[in-house]
2 protein chains.
Amino acid sequence: MNNFTFYSPTYFVFGKGEENRAGEMVKRFGGNKVLIHYGGGSAVRSGLLDRVKKSLENEGISYVELGGVKANPRSGLVYEGIDLCRKEKVDFVLAVGGGSVIDSSKAIAAGTVYEGDFWDYYTGKPVEKALPVGTILTIAAAGSEGSPDSVITNEDGMYKRGASGEAYRPVFSIMNPELTTTLPPYQTACGITDIMAHLMERYLTNTKDVTTTDRMIEGLMLAMIEEGPKAIKDPSNYEVRANIMWAGMMAHNNSCGVGRSQDWISHNIEHELSALYDCAHGAGLAVTFPAYLSLVYKHDIPRLVQWATRVWGCDENKENPEETIFEGIKRYRAFLKEIGMPLTLAEVGGKEEDIDALAHTACYGEGGDGKLYGFVTLDEEQVKEVYRKML
Amino acid sequence: MNNFTFYSPTYFVFGKGEENRAGEMVKRFGGNKVLIHYGGGSAVRSGLLDRVKKSLENEGISYVELGGVKANPRSGLVYEGIDLCRKEKVDFVLAVGGGSVIDSSKAIAAGTVYEGDFWDYYTGKPVEKALPVGTILTIAAAGSEGSPDSVITNEDGMYKRGASGEAYRPVFSIMNPELTTTLPPYQTACGITDIMAHLMERYLTNTKDVTTTDRMIEGLMLAMIEEGPKAIKDPSNYEVRANIMWAGMMAHNNSCGVGRSQDWISHNIEHELSALYDCAHGAGLAVTFPAYLSLVYKHDIPRLVQWATRVWGCDENKENPEETIFEGIKRYRAFLKEIGMPLTLAEVGGKEEDIDALAHTACYGEGGDGKLYGFVTLDEEQVKEVYRKML
């Protein structure tokens, strides 16, 4: 196991009706003037935003608002948010939404107190300070409510890049599974796929003898395999939503990823899909991950056999372990299909003739040196091969 | 799933040599004058204490020392520590040791800044403030390095009681698995047993549909079943020690216990054993848990069948599910025996003629109303029955 530090100081408030504690939480963490940042109209229509405002007002906390965050949140709105926060002397950013809203909020929180261009943080500069961010989560997916990460799409070229730093851990996250029971099945499935992908990126490690985190990841995947299809069939089931919501946080706050190398190549490959075709991140991952696995599994046959047998319940074929792995990938695909996810490039709006450009941007996009590094090292030709496996 | 809050703000510094960062960490969390609290001579003999002192000195931090913490830490030393901290104007307590040292440190940290008797916190008063506590962990077991809990034995009657509160979460915990490679096999096994018991106490729930936390607990138990015997056979194996150490923290910081009722009756029953016979807490738990399960399993047959099949790999006997559970308990006992744990009352120095008194103290000891409440409700007669099952 590698040496590591782990610091997850977010105060999680989980359960029915807990959004009404937004004011109490902002106060607890020192906020006086809040930016409420949100996405489209659903937070307005559902009355959630009104409940949040009322909760702030009850504590005597003033606020300004900025809506309009889209999936794959854009740099343009971040700049707008930074200007607003500076002008209004905002000292706390409250994200009301899913991963995109939270990621956008983190970028605004950092950019407001940074003299340079916030995009510096998305090209390698460690995030050292930011306004405190609180979240009210409305979709179980990205895990941004408990993570030190943020991903933003730069509109000047439509490429996605991530930033990370302790200052990006939300000071509190309110997680009410009720808020997710009205999500459309497609978005629900995208969230589940993202959670599975976060677990897979940690599972694909080159660190040996990491039994404890392996078993935790496997446990969380088994929970998703059990609960995922239930959420599609019975969207209003609170218990199912609650299990998925806690798993989404645990999958990405890194308690199951410490001390081990992680992969993240699939996320890089996917980012080009959602940036170019503006497909949902989860949908892009559903297309990417099985394709990627079917290319790279040979790098560590025992690990992938372990995955197939423990997570997907495959019988181990000792004479032909690859068969076991193929069966695991097959079951992974079947699971994604069952919850309504796409499995091919065409289904997310992709075209075969774009593959060269996709692979090139993935390998040479901002900061790239022509290769992708993680569980394996892929050159541009191999990245093309992953995209071709999506056809 | 029940509503809950989860707040685990401890900064974990994990890995080889990390005790040399003690000074840096104390400084980070505002300590100027430190009480170094420790147990017997092993921290001295191994040179650990000297490395810690040097690290503090390098940061210009002054300190006083108080050693002598025993297993099942006593109230007398806590009072001594409180007097010392007040006299020396200590503002930070640094625990160098295992669960007993950490629990004693927490009690001193709370007592120093409380006008009344610290024991108030151990008879129901919530812990609201305490000096910051940092830990340097030397045994994977109690999970106190990441928990808000502390257990102290009152020497005035030799009874153990627990206290809990956010102020009891360590601000940092340095976890170097190397420090545990010199532990005797018996202490190692006691630690593993304690970790398993912390998981079991959470697994025995009356909350329905808690798939995610069930799967996490099962995963951590599977890791212990795999790594535990390796630690006994090959004590110096760093990777094995590292897996056990992280599992010990995860088992008890409550990320796998949120939103569900928990049991803790076995801990109550065990506390009387270690208080009366001064046996190791882990050894007492090894004797208690299988005995307890064999009495209460009928309360939720499906849950215990799930445990036996998923954790112990038992085949499910659908016609006679009790057989599956018995096989699971048998394998649990075999595991405990394999790592060198006692399984009977006599092995921890207990006597049949003490059973009435043990059960009476467990049920009517300070604050008791004659019953133990948790996964089931046990009256005094049933508690006696648990003790008799240890014969």
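Right above here is the structure, for reference.
Now for a description of the structure that goes with this document. Every chain is numbered on its own, with residues counted from 1 as its sequence reads. Each chain is given a letter, starting from A, and each ligand a number, starting from 1, according to the order in which they appear as written. Per-residue local features are limited, in this predicted model, to residues with pLDDT of at least 70; the limit for side-chain atom pairs, both in listing and counting, is 80 or more; totals at the level of whole chains, interfaces and linings are taken over all residues. Based on all heavy atoms of the structure, the side-chain values leave hydrogens and waters out of the count.

### Brief notes about the overall build of chain A
Put simply, the rule is: The numbering of helices and of strands both runs from the N terminus, where a helix is a DSSP run of H or I of at least 4 residues and a strand a run of E of at least 2. We compute the radius of gyration from the C-alpha atoms alone; for a globule the expected value is 2.2 Å times N to the 0.38, where N is the number of residues. Buried, partly exposed and exposed residues are distinguished by accessible area as a fraction of the type maximum, computed with a 1.4 Å probe on protein chains only: under 20%, between the cut-offs, and over 50%, respectively. In what follows, residue pairs with any heavy atoms lying within 4.5 Å of each other are defined as contacts. For the area figures, the Shrake-Rupley method with a 1.4 Å probe applies, and any residue is considered shielded solely by the protein chains shown. Residues counted as positive are Lys and Arg, residues counted as negative are Asp and Glu, and His and the chain ends are not counted. To locate a charge, take NZ of a lysine, CZ of an arginine, CG of an aspartate or CD of a glutamate.
Along chain A, the regular secondary structure elements total 14 helices and 10 strands. Scaling as 2.2 N^0.38, a compact globule of 391 residues should have a C-alpha radius of gyration of about 21 Å, and chain A matches this with 20 Å. Residues counted as buried form 62% of the 391 residues belonging to chain A. Residue pairs in contact within chain A that sit at least 24 positions apart in sequence constitute 77% of those at least 6 positions apart. Surface exposure of chain A reaches about 13800 Å², of which carbon and sulfur atoms provide 47%. Where the 40 positive side-chain charges of chain A centre and where its 54 negative ones centre are 3 Å apart.

### A look at the sheet that holds strand 3 (residues 62-66) of chain B
Paired through their backbone hydrogen bonds, the strands of a sheet run either parallel or antiparallel. Short version of the rule: Pairing between two strands is assigned when DSSP locates at least 2 bridges connecting them. Here an axis means a line fitted to C-alpha atoms, over the contact stretch when the element is a helix, while the angle between two N-to-C directions is reported on a 0 to 180 degree scale.
Spatially, 3(A)-2(A)-4(A)-5(A)-8(A)-1(A)-1(B)-8(B)-5(B)-4(B)-2(B)-3(B) is the arrangement adopted by the 12 strands of the open sheet, whose pairing is mixed. The sheet is open, and its two borders are formed by strand 3 (62-66) of chain A together with strand 3 of chain B, each paired with just one other strand. Pairs of neighbouring strands in the sheet enclose a mean axial angle of 25°, with direction left out of account. Sitting on the sheet, helix 4 (residues 75-88) of chain A is in contact with strand 2 (33-38) and strand 3 of chain A, with an inclination near 160° to strand 3 of chain A.

### Focus: the relation of the copies chain B and chain A
Definition in use: Least-squares superposition aligns the copies on the C-alpha atoms of those residues with pLDDT at or above 70 in both.
When chain B is brought onto chain A, the operation consists of a screw motion whose angular component is 180° and whose axial shift is 0.0 Å, with 0.0 Å RMSD remaining. Taken together, the rotation and translation describe the operation of a two-fold axis. Scanning chain B for the C-alpha nearest the rotation axis identifies P9 of chain B, at a separation of 1.9 Å.

### Quick look at the side chain of H252 of chain A
For H252 of chain A, the position within the fold is in the loop between helix 8 (238-250) and helix 9 (265-277). Judged by relative accessible area, H252 of chain A falls into the buried class, the value being 7%.

### Comments concerning the interface of chain B and chain A
Stated precisely, the cut-off is as follows: The term buried area means the drop in 1.4 Å probe accessible area that two parts suffer when joined, counted for both and summed. Any Lys or Arg side-chain nitrogen located within 4 Å of an Asp or Glu carboxyl oxygen qualifies as a salt bridge. Distance and chemistry together define a polar contact, namely a pair of N or O atoms within 3.5 Å, with one atom able to donate a hydrogen and the other to accept it when in protein, and with adjacent residues in sequence counting only for side-chain atoms on both sides.
In this complex, chain B contributes 45 residues to the contact, which on the side of chain A involves 45 residues. Between chain B and chain A lies a buried interface of about 3800 Å² when both sides are counted; carbon and sulfur atoms form 55% of it. Linking chain B to chain A there are six salt bridges. Two residues, E226 of chain A and R310 of chain B, come together in a salt bridge whose shortest N-O distance is 3.9 Å. Counting across the chain B and chain A interface gives 22 residue pairs in polar contact (both at pLDDT 80 or more).

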